[in-house]
Amino acid sequence: MQRHTSSPNENFTIQSFFDALRNQGILIGALCNRCGWKMLPPRPACTKCFSTELQRLQLPKSGKVISFSEVHVSSDAFSRYVPYIVAIADFDGIRIPGMIKNANVKKVRVGALVEVRTKALSKISGADGLSQDGPEYWFELAGE
Ligand SMILES: [Zn+2]
């Protein structure tokens, strides 16, 4: 017999993250109401205290670069982008990696503000016959 259960936090999933990225162009995470831990992408339970008392957290529009590097030699998957800039940016306590596009590396600084840009790629059909969405995000220098 199959049991059907539902969780109050069933929308705190990786699917909800990709849905918000594709449909609204935003990055969402979760904030733990018990201990204040922030998670991105959202998870059904806090990764620090295991509480399921969570609320949706939307990242602020801009974050601060805390580290960056220009890549000249990459794996095959990214070779078409060479040279490209990768960074870690802090969005109000959540640090995420990303590529900084449309920027001259000489203008990138630790502490510079970046904004998240998103694009919903068209459906990609895999060899297994399944198709998947390919939403993508990257950073651009704020005000550029
Ligand atoms: Zn917690």
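Refer to the structure presented above.
Q: Where do I start with helix α1 (residues 14–24) in this structure?
A: One turn of an α-helix holds 3.6 residues; hence residues three or four places apart share an orientation. Every buried residue of α1 is accounted for by F17, A20 and L21. The buried residues of α1 all sit within an arc of 95 degrees when viewed along its axis, so they share a single face. With respect to the buried face of α1, the exposed residues turned more than 90 degrees away are Q15 and N23. Two residues or fewer past α1, G25 is found with a positive phi of approximately 70 degrees.

Q: Where do I start with the environment of V71 in this structure?
A: Summarising the element assignment, V71 is placed in strand β4 (residues 62–71). Residues contacting V71, with those up to four places away along its chain left out, are V82, P83, Y84 and V86.

Q: In this structure, what is going on with the sheet that holds strand β2 (residues 38–39)? I would like to understand it.
A: Sheets are built from strands that pair by backbone hydrogen bonding, the pairs being arranged parallel or antiparallel. One open sheet holds the 3 strands; their spatial order is β2-β1-β3, and the pairing between them is antiparallel. Single-partner strands in this sheet number two, and they are β2 and β3 (54–58).

Q: Even after reading the chapter, I still don't get the pairing of strand β5 (residues 84–91), so can you show me in this structure?
A: In the case of a regular strand, side chains alternate between the two sheet surfaces. Alternating residues of β5 divide into I85, A87, A89 and F91, all buried, and Y84, V86, I88 and D90, none buried. When β4 meets β5, the two strands line up antiparallel, connected through 7 bridges. Paired with V65 across the strands is A89, a residue of β5. Inspection of the sheet shows β5 paired to strand β6 (residues 94–100) by 7 bridges, in the antiparallel sense. Looking across to β6, one finds that A89 is bridged to I96.

Q: Sorry if this is basic, but what is going on with the environment of Q55 here?
A: Its place among the elements puts Q55 in strand β3. The class of Q55 is exposed, set by 11 C-beta atoms lying within 10 Å. Once the C-alpha coordinates of Q55 and F12 are considered, the two residues, 43 residues apart in sequence, prove to be 8.8 Å apart. In this structure Q55 touches A30, L31 and N33, once residues within four positions along its chain are discounted.

Rules used throughout
Residues numbered from 1 in each chain as written. Predicted model: local features only at pLDDT ≥ 70, side-chain atom pairs only at ≥ 80, totals over all residues. Buried ≥ 20, exposed ≤ 12 C-beta atoms within 10 Å, placed from the backbone. Helix = DSSP H or I, 4+ residues; strand = E, 2+ residues; numbered from the N terminus. Arc of directions from axis to C-beta. Contact = placed C-beta atoms within 7 Å. Pairing = 2+ DSSP bridges.

Any functional reading would require information beyond the geometric quantities listed.
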